[in-house]
Amino acid sequence: GGIITQTPKFLIGQEGQKLTLKCQQNFNHDTMYWYRQDSGKGLRLIYYSITENDLQKGDLSEGYDASREKKSSFSLTVTSAQKNEMAVFLCASSPWGDEQYFGPGTRLTVL
Amino acid sequence: GQQVKQSSPSLTVQEGGISILNCDYENDMFDYFAWYKKYPDNSPTLLISVRSNVDKREDGRLTVFLNKSGKHFSLHITASQPEDTAVYLCAAGARRGGNNKLTFGQGTVLSVIP
């Protein structure tokens, strides 16, 4: 078995601030993903990465950067936080062509 | 536009009844179809998935039906129980194209009432 950890669990930021979310997995999965979860909109893909140092844009990449520093870690940066923004960011990993395993999420609130 | 759509945001079913959750998709290249379940304040977990070479897959109380010509797939849960109450997310992907990403629907909130 394995586990995905996301830090921090709760993130409170100020408008215009640059904020970084981190994700680690010990499954040894090749592919990692960042999703944004908003009420009534399901999961929307922000970025994904099929191997170390690879980056692929999802449907919602504008306003975000990502970095796959090594196989086990994938970080997401909100480049400029929007006032009153509230969302849950989910990290996931998967072996090729198979089930995605999700982390517990980071809950973002922007004041 | 929304490539994967769940047209019903919510569904209420009596305990013991059949829950039918529906999902429509637009991309002809999709060849992998999945249903994920999400409890409040928890992360989604995979329930069941099918490849496009079959039109039905059963696993216990769960059955996925795939209608490729209609670009539609559904999840049937028989003998629904209160613990089935959760958000159900459908997802589709194009594995043949060398793509390892999934596109998710908006989710359907299933409530099973005793």
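This text follows the structure it describes.
Residues numbered from 1 in each chain as written. Chains lettered and ligands numbered in written order. Predicted model: local features only at pLDDT ≥ 70, side-chain atom pairs only at ≥ 80, totals over all residues. Heavy atoms only, no water.

Asks: How do you make sense of the overall build of chain A when you look at a structure like this?
Replies: Looking only at helices and strands, chain A has 0 helices and 11 strands in total. Listing every helix and strand of chain A by position from the N terminus yields β-β-β-β-β-β-β-β-β-β-β. In terms of overall dimensions, chain A is globule-like: its C-alpha atoms have a radius of gyration of 13 Å, near the 13 Å expected for 111 residues. Overall size of chain A, expressed as C-alpha extent along the three principal axes, is 35 × 25 × 25 Å. For chain A, buried positions account for 50% of its 111 residues. Counted over contacts in chain A with a minimum sequence separation of 6, partners at least 24 positions apart contribute 54%. (Helix = DSSP H or I, 4+ residues; strand = E, 2+ residues; numbered from the N terminus. Rg over C-alpha atoms; globule rule 2.2 N^0.38 Å. Buried < 20%, exposed > 50% of the residue type's maximum accessible area, 1.4 Å probe, protein only. Contact = heavy atoms within 4.5 Å.)

Asks: In this structure, what is going on with the pairing of strand 9 (residues 86–94) of chain A? I would like to understand it.
Replies: Regular strands place their side chains on alternate faces of the sheet. Residue and element names in this part refer to chain A. Most of strand 9 is tucked away: 8 of the 9 residues are buried. In this sheet, strand 9 lies alongside strand 4 (residues 31–37) in antiparallel orientation, the contact comprising 7 bridges. Bridge assignment links Tyr35 to a residue of strand 9, and that residue is Leu90. Pairing geometry for strand 9 and strand 11 (residues 106–110), over 4 bridges, is antiparallel. By the bridge assignment, Met86 is partnered in strand 11 with Thr109. Strand direction decides the pairing type here: strand 9 and strand 10 (residues 101–102), joined by 2 bridges, are antiparallel. Note that in strand 10 the partner of Ala92 across the bridge is Phe102. (Pairing = 2+ DSSP bridges.)

Asks: Explain the pattern of salt bridges to me, please; I cannot follow it from the model alone.
Replies: Any two side chains of opposite charge can pair, given that their charged atoms come close. For the structure on display, the rule yields 8 salt bridges over all chains. Here Arg61(B) and Asp84(B) are joined by a salt bridge, their closest N and O atoms 2.9 Å apart. Linking Arg61(B) in the loop between strand 6 (56–59) and strand 7 (62–67) with Asp84(B) in the loop between strand 8 (72–77) and strand 9 (86–93), this pair joins segments that are 23 residues apart in sequence. Each of Arg36(A), Asp38(A), Arg44(A) and Glu85(A) takes part in a single network of salt bridges with overlapping partners. (Salt bridge = Lys/Arg side-chain N within 4 Å of Asp/Glu carboxyl O.)

Asks: Help me understand the state of the cysteines in this model?
Replies: Covalently bonding the sulfur atom of one cysteine to the sulfur atom of another cysteine gives a disulfide. In this structure the tally under the stated criterion is 2 disulfides over all chains. Here Cys23(A) pairs with Cys91(A) through a disulfide, and the sulfurs are 1.9 Å apart. Across the S-S bond of Cys23(A) and Cys91(A) the torsion is about -75°, and the bridge reads as left-handed. Highlighted residues: Cys23(A) in strand 3 (residues 19–25) and Cys91(A) in strand 9, separated in sequence by 68 residues. Here Cys23(A) and Cys91(A) have matching classes, each one buried. What pairs with Cys23(B) in a disulfide is Cys90(B), and their sulfur atoms sit 1.9 Å apart. Looking along the S-S bond of the Cys23(B)-Cys90(B) disulfide, the torsion reads about 60°, which is the right-handed sense. (Disulfide = S-S within 2.5 Å.)

Asks: Explanation requested: the sheet that holds strand 7 (residues 64–70) of chain A in the structure shown.
Replies: In any sheet, the strands associate via hydrogen bonds between backbone groups, in a parallel or an antiparallel arrangement. Residue and element names in this part refer to chain A. Ordered in space as 1-3-8-7, the 4 strands form an open sheet in which the pairing is antiparallel. The open sheet has two free edges, formed respectively by strand 1 (4–7) and strand 7, since each of these has just one partner strand. Averaged over all pairs of adjacent strands, the angle between strand axes in this sheet comes to 15°, irrespective of strand direction. With 4 bridges joining them, strand 1 and strand 3 adopt antiparallel strand pairing. For Thr5, the partnering residue across the bridge sits in strand 3 and is Gln24. (Axes fitted to C-alpha atoms, helices over the stretch in contact; angles between N-to-C directions.)

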